[in-house]
Amino acid sequence: MPSSLKCHLKMVANLFDAYTAALFLRSKHGEGYKLVAKESLGDAIRDSCVIESGQGLIGWVAREGKRLHVTHFTRDTRTLGIYNTDTGIKAFLASPLPYREGVLMVDSKNRYAFPEKKQRILDDCARVAYDLWFLTRQEVEREFYRELLDWLIDSGTDFLDDIGRLGRLLGLKMAFHARRKQGERLYRLCGTVGVHGLKAGDTSYSVDEGLMGWFFRYKKNVILNKFRGEAAQSYIIKRDESLSPGPVVLGICLPEGSETSEVVLFSGETDIERWPSDILDTLSRSLSRVRGNI
């Protein structure tokens, strides 16, 4: 999180004499509203806190796009979704960011309500938080597109090397390339990057098994952010594989040719929030262009 937003949260906490000031931003990839910055006098904040739209008071503000002020707060503060323990706050105030992109909240343990003037000020602080976040997001996306353009310029001679470099750009350690002949229920693994215990070659695998088979069956580009490779039905190629994929999986189905279809799959651990919201379409076009140039 940029230092400008952290400084903004610290200012908000001091301005409102808050027990906690917290900023939630909507995930670009459909995972609710994530806690991205906080300033608190306690240590009861949940790690990796995510609030779904409509969940509790914070989720209500996110969904409705309206300010919410709760005086004489008497319920268990764990119902807010941000605390691990009941902290005994007395007042709660939250304002939505423009376009329902997030929520800025403050609470208090030494007062039962926030004055009307302070409520309006929090609305202004929420708008400033949005502006700071929007500028940061634009800067991150420009850098990503610049790096992707460099990758495109340098690609086109060795597709396996190309997807390996693209995986590093994405922050994902594993890459797989597979091909299937049209009409067949089996596919072949053409090559891998950063993968141990699984060799590409003449072995065929069923499209009815594994995550790779799923991509061949449904022909959809998908991001998974909580993939559990150790689960009974969660494996990439075959049930007894010795891979250690990360929690992030990104699969791209290249446009089908008259004779074959191809899938490129990446896996690892990275922060997908730095990816542009149109990452799937962007990578599909980029990989198709590179594949067509070979």
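Scroll up to find the structure this text is about.
Residues numbered from 1 in each chain as written. Predicted model: local features only at pLDDT ≥ 70, side-chain atom pairs only at ≥ 80, totals over all residues. Heavy atoms only, no water.

Participant: How should the pairing of strand β7 (residues 174-181) be read in this particular structure?
Facilitator: Within β7, six of the eight residues are buried, which leaves the element mostly enclosed by the surrounding structure. Sheet topology places β7 next to strand β12 (residues 260-268); eight bridges connect them, and they run antiparallel. Residue pairing across strands places His 177 opposite Val 264, the latter belonging to β12. As consecutive antiparallel partners, β7 and strand β8 (residues 186-193) are separated by four residues, and within that stretch Gly 183 has a phi angle of approximately 90°, a positive value. (Buried < 20%, exposed > 50% of the residue type's maximum accessible area, 1.4 Å probe, protein only. Helix = DSSP H or I, 4+ residues; strand = E, 2+ residues; numbered from the N terminus. Pairing = 2+ DSSP bridges.)

Participant: Please explain the pairing of β8 as it appears in this structure.
Facilitator: Consecutive side chains along a regular strand alternate between the two faces of the sheet. Relative to β8, β7 runs antiparallel, the two sharing five bridges. Each residue of the ladder has a partner; that of Ala 175, found in β8, is Val 193. Across three bridges, β8 lies against strand β9 (residues 204-206) in antiparallel orientation. Pairing of Leu 186 across the sheet is with Ser 206, part of β9.

Participant: Help me understand the nonpolar core in this model?
Facilitator: Nonpolar side chains tend to gather and get buried jointly when the protein is soluble and globular. Phe 24, Leu 80, Ile 82, Tyr 83, Phe 92 and Met 105 are the most contacted members of the largest nonpolar core, which has 23 residues in total. Listed by contribution, the elements that provide at least two residues to this core are β1 (20-26), β2 (33-40), α2 (56-64), β5 (91-96) and β6 (102-108). Counting residues per element, this core draws most heavily on α2, at four residues. With sequence-adjacent residues up to four places away left out, Tyr 83 is seen in contact with Tyr 19, Thr 20, Ala 44, Ile 45, Arg 46, Thr 77, Arg 78, Ile 89 and Asp 107. (Core = buried A, V, L, I, M, F, W, Y, C linked by side-chain atoms within 4.5 Å. Contact = heavy atoms within 4.5 Å.)

Participant: What is the right way to look at the sheet that holds strand β10 (residues 222-224) in this model?
Facilitator: Pairing between sheet strands relies on hydrogen bonds along the backbone, with the strands arranged either parallel or antiparallel. Taken in spatial order, the six strands of this open sheet run β9-β8-β7-β12-β11-β10, and their pairing is antiparallel. With one partner strand each, in any of the chains shown, β9 and β10 form the two edges of the open sheet. Neighbour to neighbour, the strand axes of the sheet diverge by 25° on average, direction disregarded. Helix-sheet contacts for helix α4 (residues 159-170) involve β7, β8 and β12, and the interaxial angle to β12 is about 35°. Packing against the sheet, helix α5 (residues 210-218) makes contact with β7, β8, β9, β10, β11 (248-253) and β12, and its axis sits at approximately 140° to β12. (Axes fitted to C-alpha atoms, helices over the stretch in contact; angles between N-to-C directions.)

Participant: Help me understand the pattern of salt bridges, please; the structure alone is not making it clear to me.
Facilitator: Side chains that differ in charge, positive against negative, can pair when their charged atoms come close. For the structure shown, the criterion picks out 17 salt bridges. For Asp 162, the salt bridge goes to Arg 165, with nearest N and O atoms at 3.1 Å. Taken together, the positions of Asp 162 and Arg 165, both in helix α4 and three residues apart, correspond to about one turn of that helix. A salt bridge links Glu 262 to Arg 291, with the nearest nitrogen and oxygen atoms 3.0 Å apart. Of this pair, Glu 262 sits in strand β12 while Arg 291 is found in helix α6 (residues 279-293), placing the two residues 29 residues apart along the sequence. On the basis of relative accessible area, Glu 262 is assigned to the buried category, the value being 13%. With relative accessibility at 22%, the residue Arg 291 sits in the partly exposed group. (Salt bridge = Lys/Arg side-chain N within 4 Å of Asp/Glu carboxyl O.)

Participant: In this structure, what is going on with the sheet that holds strand β4 (residues 68-70)? I would like to understand it.
Facilitator: With antiparallel pairing, six strands are arranged side by side in an open sheet as β3-β2-β1-β6-β5-β4. This sheet does not close on itself; its edge strands, each paired only once, are β3 (50-51) and β4. Pairing analysis gives six bridges linking β5 to β6, with the strands arranged antiparallel. Paired with Ser 95 across the strands is Leu 104, a residue of β6. Along the sheet face, α2 touches β1, β2, β3, β4, β5 and β6 and points at about 25° away from the line of β5.

Participant: Hey, could you run me through the packing of helix α3 (residues 116-154) against α4 in this one?
Facilitator: When two helices pack together, their arrangement is given by the angle between their axes and by how far apart the axes lie. One way to put it is that α3 packs onto α4 with a least axis distance of 11 Å and a crossing angle of 170°. Here α4 runs roughly antiparallel to α3, going by the angle between their axes. Facing Phe 144, Glu 147, Leu 148, Trp 151 and Asp 154 of α3, the residues of α4 in contact are Asp 162, Arg 165, Leu 166, Leu 169 and Leu 170. Its residues assigned to classes, the contact of α3 with α4 shows six nonpolar, no polar and four charged. (Parallel < 35°, antiparallel > 145°, perpendicular 65-115°, else oblique. Nonpolar A, V, L, I, M, F, W, Y, C, P; charged D, E, K, R; others polar.)

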